[in-house]
Amino acid sequence: MAALLKKRALAEYNKSFQDGPSSKKLHLAKKPLIGSSAAAFVGLLEKCKSSEEALQLLLRISDCLQFQESDVEEAIKKLSEHFQSEGESVVRVKILWLFCDIGLECPGANLNNLIDETIHLIKNETSHKVIAQGIATLLKLGTKLNDDKILMMRLVNVAKDNLKDTSHSVKCRCLQLISELYPIYPESDRTQDMRTEADVIVKLLGDYSNAEDARVRCEAFQSLLTLHERGQTLNVSLYEHVCESLSDDYEIVREVALKLLWLLGNKYPENIITLPDGETTMRLVDDAFVRICSAVNDLCMQVRALACSLLGTTRNVSDRFLLQTLDKQLMSNMKKKRTAHERGAELVRSGAWASGRRWADDAPGQLVPQDSVQLLPGGAAGAFVHGLEDEFMEVRTAAVEAVCQLSQESALFATTSLDFLVDMFNDEIEDVRVRAINSLTNMAHHIILREDQLEIILGALEDFSMDVREGLHRMLGSCTVASKTCLEMCIDKILENLKRYPQDKRSTFRCVQRMGSAHAALVLPLATRLLAVHPFFDMPEPDVEDPAYMCILILVLNAAQHCTTMLPLFEEHTIKHYTYLRDTMPHLVPHLPIGESQLSRTERSELLDDSAVRRFFDTVLQHIDNTALSANVRLNMLRSAEEQLNKLSEMEPMCAGAAIFTALFARCVLALHDALLAAGGPPPHALAQLTTDCLRLQHQFSGVSEQESACVGQVALRVAAARLCAPEAAAGVPSCSTTATGTAPSATLAAMSAAAALTHQAELLDRLLASAGVEPDAFTIAVFQQLSASGEHKPAALARALLPRLHAAPLPIIPKPNLKIRMCTASIVEPASDNDTVVRFSAGLIAGVALEAEVVRVRDPSALRVRVAYPDRRVHALVPPTDHLRTLDHLDNNDDGTQNVRLLTKVLISHGVWTEPCGVDISICLAVEEASSREPAALVELCRPVRVTVAPKPIKRGI
């Protein structure tokens with residue numbers, strides 16, 4: 001590209017101009033400087049009179065870092081010469097910086113030459129800043145050549161030589177280079193000499209953890225971690241030294257030491273160490289766990305949060321140490337306690353009996369050191385209690401996550417920590433409450449909730465935050481309660497809370513469904529009370545549309561699935577209500593052998609059979625592609641197939657995607673054929689609908705094979721050609737010739753846009769056909785030939801050439817049905833379609849309408865849009881914020897890479913004064929960006945719009 005711009009610029013400067021009849025020619029030519037702008041600036045370095053000018057010039061070189069391959073070596077040579085003659089260290093640092101940028105970004109740069117030059121320049125350097133930058137340059141350049149083991153060892157030796165520097169920055173850079181570039185071989189290829197040399201490197205890095213500067217100590221530990229990540233085994237002998245660094249004065253050192261301590265504890269869990277008392281032994285992972293627990297009381301918030309996070313990922317810890325983290329009682333730092341008998345026996349063995357003959361004969365045998373006496377909890381005592389009660393949200397959040405992770409590994413720890421997690425439901429920060437709820441949900445299989453715990457949990461249901469309430473619904477559906485009283489408490493509180501927050505209806509339904517399935521034995525004694533069944537009197541029939549009664553029905557019916565003793569208790573209206581719910585909400589109500597049992601058995605026996613569906617598809621599409629039949633017969637068969645496929649999509653939800661895809665493809669073929677046969681050319685509304693249907697076929701379905709995408713692409717190419725040929729077809733009609741003769745600017749722009757769309761569609765289809773291995777049809781070949789015949793086509797000429805071929809083209813081939821196809825759909829939960837509330841606001845201002853929608857099988861959630869259509873035909877496409885899109889947790893993960901998301905947002909509506917309330921349509925759409933189009937992105941509707949009645953009122957102008 002740079003060479004092209006250079007030629008273009010030289011061509012502009014080397015033009016001849018002639019003025020008047022004179023035969024003299026004025027030739028203007030501008031000589032190139034060195035071949036490129038960056039190389040030109042390098043050539044000006046030797047003319048700089050001061051270091052400030054040189055620095056400004058180097059900054060301009062860094063901004064326009066573009067060298068031709070032939071100029072790179074010369075530029076490096078001139079930069080090196082200026083480095084040796086420059087006295088200001090800042091300029092020398094910038095030159096080494098440029099060496100790194102040239103090596104990484106400029107093509108044709110010799111990295112080995114740059115490395116040699118950098119080593120040579122910093123060899124006799126005295127400035128610490130310059131040496132540090134030189135080591136950093138060697139590190140970045142060496143990363144690109146890490147396969148050259150000899151070069152890597154050379155760079156490591158250069159770093160080892162510079163470790164003697166007194167500057168902390170140089171030492172840190174050298175340690176970083178050694179850890180990242182030291183060659184590490186696979187375990188099977190290592191010889192004894194390689195292992196010995198690697199141990200020397202590890203010891204060298206470990207020795208620098210005793211440096212005076214805290215930054216060097218931190219970098220030394222970080223280098224050891226980097227070596228371990230690259231595959232180098234660290235020796236367990238580092239453990240004692242790392243433990244000493246936990247009491248370092250600087251938090252940066254303590255943080256890295258904690259990570260290294262955790263690493264060694266998980267690497268060598270069963271190693272036995274001896275405590276300072278000389279008698280007590282302990283597993284290494286237990287001792288590391290105790291020391292990390294001590295860091296929970298650190299003065300620095302970051303260290304406390306890191307310690308809590310590391311506690312959650314420590315494995316194979318003994319139960320007594322885990323349980324001690326939840327107990328605040330004073331302890332002797334896990335030392336072995338001796339009984340009074342053992343202490344007396346030791347006194348007898350020592351012979352230190354008081355005879356009374358000497359003064360102070362009964363003095364204690366040894367003095368207790370002052371530092372060994374601890375009046376405050378130490379070690380693992382109450383570590384999580386301190387973490388959960390910390391003043392900072394970050395520490396409390398990390399502690400909650402750690403308790404959840406350890407609880408999933410140990411059922412005993414989960415039972416013990418339950419009370420502490422339940423107490424976190426009252427935290428002042430919403431994020432901490434949500435995390436505590438999610439943690440309790442994850443460990444639900446280990447715990448059973450008691451009445452006192454349920455009181456705290458159910459009290460949190462009154463929280464204003466919807467995330468907290470829905471999280472509690474998920475948790476209650478996952479947990480097990482201890483008794484019938486507990487279940488009764490849950491049901492009463494859930495129903496009471498449903499009256500306060502009716503928008504939680506869907507979440508509550510899923511909660512009681514799971515509770516009923518998990519507590520069938522406890523629901524049985526409550527069934528008569530819940531269903532208001534009396535042994536002597538006929539009770540009034542409840543309203544099946546009442547959300548509270550629906551919750552009770554869902555709970556009891558799901559429990560009856562596992563406890564058939566409950567079925568005879570159902571009254572006649574309960575069975576009718578079951579049939580109604582089974583039809584309206586089959587995902588919440590299971591099949592039960594009651595009601596219309598014959599129909600239920602038939603429904604249960606008719607499972608989805610792929611072979612039967614495939615036979616139906618083959619029967620419907622059997623003779624459509626038969627070219628021996630006339631076009632009219634095939635079109636009639638295609639219309640019949642479209643109707644049958646639409647009915648199949650309603651009857652069988654599992655194959656609805658494949659049925660709708662094939663039916664939509666058939667609709668496009670029929671609509672395109674009818675549009676081409678129209679009297680005045682293809683109607684604009686028909687072409688617009690065809691374009692939308694093609695976009696739906698291309699973007700709304702997942703699981704489509706490349707062959708099917710190629711068939712869709714060929715139909716889309718015909719639609720694009722029909723858009724281009726529409727003005728030409730209208731001009732051929734006598735009644736329309738008068739309107740077609742005058743070409744307005746808008747018509748010209750439309751024609752150019754249609755031609756660009758056709759070219760873009762042809763390019764996409766060409767690549768798609770090549771990758772799918774599909775032969776193009778006759779019309780596609782004709783379009784390719786027409787576009788390749790000449791580089792640039794005028795829209796009118798291209799339309800005249802394609803119009804007869806478009807009319808003569810045979811019907812497209814219908815792709816064979818693929819049952820793996822799934823369709824992206826959306827459903828708007830709120831506002832409801834039958835909502836009669838009128839949204840009133842002052843004209844010109846903004847009103848917010850709460851929107852809740854569920855979108856399933858969407859490829860890219862960022863492409864979702866909220867379409868707002870006003871009565872005056874104005875349409876707005878609103879982009880929902882990213883944090884308003886959440887993952888749907890009650891649906892399984894998709895196997896085709898798509899996502900299920902939930903949209904919770906506010907739709908902003910604004911308009912002028914209306915004389916009466918009117919409807920505003922709100923729908924969920926998918927934005928389809930076209931690379932060649934300058935128009936706004938096309939919208940593919942994923943659901944039917946919901947109408948909201950809006951009444952903008954005039955502003956009252958007071959005094």
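Residues numbered from 1 in each chain as written. Predicted model: local features only at pLDDT ≥ 70, side-chain atom pairs only at ≥ 80, totals over all residues. Heavy atoms only, no water.

What follows concerns the overall build of the protein chain. Helix and strand counts for the protein chain come out as 39 helices and 18 strands. Taken over 959 residues, the protein chain has a buried fraction of 45%. Intrachain contacts of the protein chain at a sequence separation of at least 6 include 71% that bridge at least 24 residues. (Helix = DSSP H or I, 4+ residues; strand = E, 2+ residues; numbered from the N terminus. Buried < 20%, exposed > 50% of the residue type's maximum accessible area, 1.4 Å probe, protein only. Contact = heavy atoms within 4.5 Å.)

All right, on to the pattern of salt bridges then. Enumeration according to the criterion identifies 35 salt bridges in this entry. The closest approach of N and O atoms between Glu572 and Lys576, which form a salt bridge, is 3.8 Å. Placement of the pair is Glu572 and Lys576 together in helix α29 (residues 572-584), with a separation of four residues, close to one helical turn. Accessibility assignment for this pair places Glu572 and Lys576 in one class, exposed. A salt bridge links Arg947 to Asp921; the nearest nitrogen and oxygen atoms lie 2.8 Å apart. Placement of Arg947 in strand β18 (residues 946-953) and of Asp921 in strand β16 (residues 918-928) is noted, with a sequence separation of 26 residues between them. You can call Arg947 exposed: its relative accessible area is 51%. One network of salt bridges, in which partners are shared, links Glu187, Arg190 and Arg195. (Salt bridge = Lys/Arg side-chain N within 4 Å of Asp/Glu carboxyl O.)

Once that is clear, we can look at the nonpolar core. Leu440, Met475 and Leu476 are the most contacted members of the largest nonpolar core, which has 180 residues in total. The greatest single-element share of this core, amounting to twelve residues, is contributed by helix α28 (residues 547-560). With residues up to four places along the chain from it excluded, the contact list for Leu440 reads Leu418, Leu421, Val422, Phe425, Ile447, Ile457, Met475 and Cys479. Formed by 61 residues, the second largest nonpolar core is a distinct cluster that contains Leu697, Val719, Ala726 and Met823. (Core = buried A, V, L, I, M, F, W, Y, C linked by side-chain atoms within 4.5 Å.)

Here helix α6 (residues 111-122) contains twelve residues, and its C-alpha end-to-end distance of 17 Å stays within 8% of the 16 Å for a straight helix at 1.5 Å per residue. By the burial criterion, the buried members of α6 are Leu111, Leu114, Ile115, Glu117, Thr118, Ile119, Leu121 and Ile122. For α6, the side-chain oxygen to backbone nitrogen distance between the N-cap and Asn112 is 3.2 Å, and the N-cap itself is Asn110. (Expected span 1.5 Å × (residues − 1). Polar contact = N/O pair within 3.5 Å; in protein donor to acceptor, adjacent residues only side chain to side chain.)

On inspection of all chains with the given rule, the structure shows two aromatic pairs. Their ring planes at 80° and their centres at 5.3 Å tell us that Phe661 and Phe701 sit as a pair that is edge-to-face. In this pair, Phe661 is assigned in helix α33 (residues 656-676) and Phe701 in strand β7 (residues 701-702), connecting sequence segments 40 residues apart. The class for Phe701 is buried, based on a relative accessible area of 1%. Lying across the ring of Trp97, Lys94 places its NZ or CZ 5.2 Å from the centre. Lys149 extends its terminal NZ or CZ atom over the ring of Tyr185, reaching a point 5.5 Å from the ring centre. (Phe/Tyr/Trp six-rings, centres within 6.5 Å; stacked < 30°, edge-to-face > 60°. Lys NZ or Arg CZ within 6 Å of the ring centre and 35° of its normal.)

Across a sheet, strands are paired by hydrogen bonds formed along the backbone, either parallel or antiparallel in direction. Reading across from one edge, β9-β11-β15-β14 is the order of the four strands in this open sheet, with antiparallel pairing throughout. Each edge of the open sheet carries a strand with a single partner, namely β9 (825-830) and β14 (885-887). The mean angle between the axes of side-by-side strands here comes to 25°, regardless of whether they run parallel or antiparallel. The sheet contact formed by β9 and strand β11 (residues 847-858) spans five bridges and is antiparallel. Bridging from a neighbouring strand, Ser827 pairs with Glu854 of β11. (Pairing = 2+ DSSP bridges. Axes fitted to C-alpha atoms, helices over the stretch in contact; angles between N-to-C directions.)

Keep in mind these values describe shape, not function.
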